[in-house]
Structures are given as structure tokens and as C-alpha cells.
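Here are the chains, one letter per residue:
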Amino acid sequence: MGRKRLAAAMVLALAAAGPAAALGICVEGAYPPFSEVRSDGTIVGFDIDIAAALCARIGESCILVQTNWERMIPALEGGDCDAIVASMSDTAERRRAIAFTDRYYKAPVRFVAPEESGLDDAPEAMAGKIVGVQRGTVNQAYMRAHYPATRLRLYGNQEHVLLDLTLGRLDAVLGEAVQLEAGFLDTPAGQGFAFFGAGHFDPAIQGDGAAIGVRKSDEDLRARLNAAIAAIRADGTYDAIARRYFDFDIYGS
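Thresholds, definitions, all that
Residues numbered from 1 in each chain as written. Predicted model: local features only at pLDDT ≥ 70, side-chain atom pairs only at ≥ 80, totals over all residues. Heavy atoms only, no water. Phe/Tyr/Trp six-rings, centres within 6.5 Å; stacked < 30°, edge-to-face > 60°. Helix = DSSP H or I, 4+ residues; strand = E, 2+ residues; numbered from the N terminus. Buried < 20%, exposed > 50% of the residue type's maximum accessible area, 1.4 Å probe, protein only. pLDDT = per-residue confidence, 0-100. Contact = heavy atoms within 4.5 Å. Salt bridge = Lys/Arg side-chain N within 4 Å of Asp/Glu carboxyl O.

A. Main features of the packing of aromatic side chains. Overall, the coordinates contain 16 aromatic pairs when judged by the stated rule. On the basis of an interplanar angle of 70° and a centroid distance of 5.3 Å, the ring pair of Phe-46 and Phe-246 is categorised as edge-to-face. Pair noted here: Phe-46 is in helix α2 (residues 46-58) and Phe-246 is in the segment after α10 (237-243), with a separation of 200 residues, a long-range link. Residues Phe-46 and Phe-246 agree in their burial class; the two are buried. Taken together, a centroid distance of 5.8 Å and an interplanar angle of 90° make the contact between Tyr-238 and Tyr-251 edge-to-face.

As C-alpha cells, this is what we get:
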């Protein structure tokens, strides 16, 4: 089943359960361990568990609407969903279109390449190299700002970025360190690859971290979600979810 049909089926199945309107949550499903689709069609991951905890805290019934990354903000603006829980960084550019809650995690970006590549992450050393990133992400913006001499190759989702790395079509990829480690390096597909260089975080590009996107007109929902984020942080729910996926503080300082 294609992504649009899967999303439609999920919406119809859940909507049929009762007459009350449910909040639609836009998720991606191609960004492990934050969101991925199992063989049975179930979407799972850290983003998904956080969304479920927040919906429970605010007393709302929520449905997942699987959405391609580049369609996230248009889907929210068009009413296909009511909130985006998809590891989306709260950036100044995105705030021109939508509003964001407080952050729910923060992570630097890093480069990954074949273990024996000998690459250096200094901008001059990366000049002319081919680096893959997901289109429309802070990774793309970071590369354009800090690595202008590097050749960028853009992809619709992270799965395709990493596939081309394994096929030898890229010299390296740039992405969230935690996603690259848990979703690639710690899997069979990531054997023979490794991080190189340091972690990178530019607040001017990456904002304060990943937050939940809502329409600017939905200030009440934004306030309720902010209160819910604070509540699950305070009562241990957040930490319990995080421990399922990470062995470090994903929330960040």
C-alpha cells in the first residue's frame, strides 16, 4: 500500500470508531528510530510515542497521518493534520509559515562516510566532495551555509540518502547524529561506515531543536501541547519513552 493510501486507510479506520473529531498528527515514517513503518503497516518510533503521550495528556483522540517530508507544512496549512510531530526543527524560516511548541529534543548533526575514507570535516577538506542530505531539512541549510564548496545531492527522504551512501554514490552524508547512529550505523546496513569529525549545531539554522508544528491560528492547541510537554518531562513519562530508544539525554541542555 502506498503512503497516501496507508494514511487514508488509517484515517478512515480511526474516524469510524466514533463521531468525535480527532486531532490529526502528521508523521513521516521514514526516519528511524524517530518514526518508521513496520512490515504490518504500523508506524512506530520515538516521535510516535511522544505524540501518543501528549495526546493522552491533553485528553484528545489523535490519528497519525503519514506524510512525505516536503508535504508536512502544506499538509498542516491545508488542514490535512493539526500538528506535525516529525523531528522538525523550530527554525526562523519555518516560523514564517507556522508556529512551534517548546522543543521536545535537541541533537547535533554529524557526517558519516565509509570507515576507511579518511575524510576530514573541515570545510576546505570537504570542497568538491559529494554529500547527501534530505531536501528541505536543516541539514541542507547547514551545508549551504557552512560548506559552500561541497557538492550537495538532495533526496526526498533519509532512507534514500543512506541507500545511495551504501551504493557508493556519495562521499558522505550529513544528518542528525542520533538518527544516523541508531537508524543506520547500529544496523546491518551501516556496517563499514562511521562518523567523522565533530558534532555541529548552529542555533541560527537549527533553532532550539525539534518541536511540534501547529497552525499560527491554533494558539490554544500550542499552549496545551506546551503544558503537556512540561508535564511529561516532570512526571517521568518523557524519560521512560526516551529510554526505549536512547542511552543518553536526547532532550539536551
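B. Local environment of the confidence of the model for the protein chain. Within the protein chain, residue pLDDT values average 92, and 92% of them lie at 70 or more. Contacts for the low-pLDDT stretch residues 1-19, under 50 throughout, to residues beyond four places or in other chains number 18 contacts.

C. The arrangement of the pattern of salt bridges in detail. Under the defined criterion, the tally for this structure stands at 12 salt bridges. A salt bridge links Glu-219 to Arg-222, with the shortest nitrogen-to-oxygen separation between them at 3.1 Å. Placement of the pair is Glu-219 and Arg-222 together in helix α9 (residues 219-234), with a separation of three residues, close to one helical turn. Take Arg-222: its relative accessible area is 22%, and that puts it in the partly exposed class. Each member of the salt-bridge network shares a partner with another, and the members are Glu-60, Asp-220 and Arg-224.

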